[in-house]
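Summary of the model geometry
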Amino acid sequence: MRDDLLSLSKEAKDFLKDRNITTIQEVKDEGFTGKDYEFFLTKEKGNQDKYYIGAFYNKGNLHKGKKLVDDWDAFIKSKQKGHAE
């Protein structure tokens, strides 16, 4: 995947802003693309709002996609917790 071709949607920007993430560099510093990729990725088959990781990872590498989603979720949770304090 060429993440340099991806954009950051208004929906994703608002999501980050609501979690007190004010710069894309903050997201990139955590090892994420800073684009829509992580925002729209899910481990849940049948989720109509996001893309299932199986579309980007084959069975042999599916664990990498799961880890990415887990890392993204942990990052977002850490920001929500920090924002609430």
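Residues numbered from 1 in each chain as written. Predicted model: local features only at pLDDT ≥ 70, side-chain atom pairs only at ≥ 80, totals over all residues. Heavy atoms only, no water.

Okay, the overall build of the protein next. On a plain count of helices and strands, the protein comes out with 4 helices and 2 strands. Taking all 85 residues of the protein together, 31% fall into the buried category. Excluding contacts between residues fewer than 6 apart, the proportion of contacts in the protein whose partners are at least 24 apart in sequence is 57%. Roughly 6,000 Å² of accessible area belongs to the protein as shown, and the carbon and sulfur atoms make up 48% of that amount. (Helix = DSSP H or I, 4+ residues; strand = E, 2+ residues; numbered from the N terminus. Buried < 20%, exposed > 50% of the residue type's maximum accessible area, 1.4 Å probe, protein only. Contact = heavy atoms within 4.5 Å. Areas by Shrake-Rupley, 256 points an atom, 1.4 Å probe, with all protein chains shown as cover.)

Next up on the list: the confidence of the model for the protein. Looking at the protein, the pLDDT average stands at 89 and 88% of residues meet or exceed 70. Averaged pLDDT values for the elements of the protein fall to 87 in helix α4 (residues 62–84) and rise to 96 in strand β1 (residues 41–42). (pLDDT = per-residue confidence, 0-100.)

Quick look at the pattern of salt bridges now. With the rule as written, the count across this model stands at 4 salt bridges. Ionic pairing is found between Asp 14 and Lys 10, a salt bridge with its closest N-O pair at 2.7 Å. Highlighted residues: Asp 14 and Lys 10, both in helix α1 (residues 10–18), separated by 4 residues, approximately one helical turn. When the shortest N-O distance is used, the salt bridge between Lys 67 and Asp 71 registers 2.7 Å. With Lys 67 and Asp 71 both in helix α4 and 4 residues apart, the pair spans about one turn of that helix. Here Asp 71 falls in the partly exposed class, since its relative accessible area comes to 33%. (Salt bridge = Lys/Arg side-chain N within 4 Å of Asp/Glu carboxyl O.)

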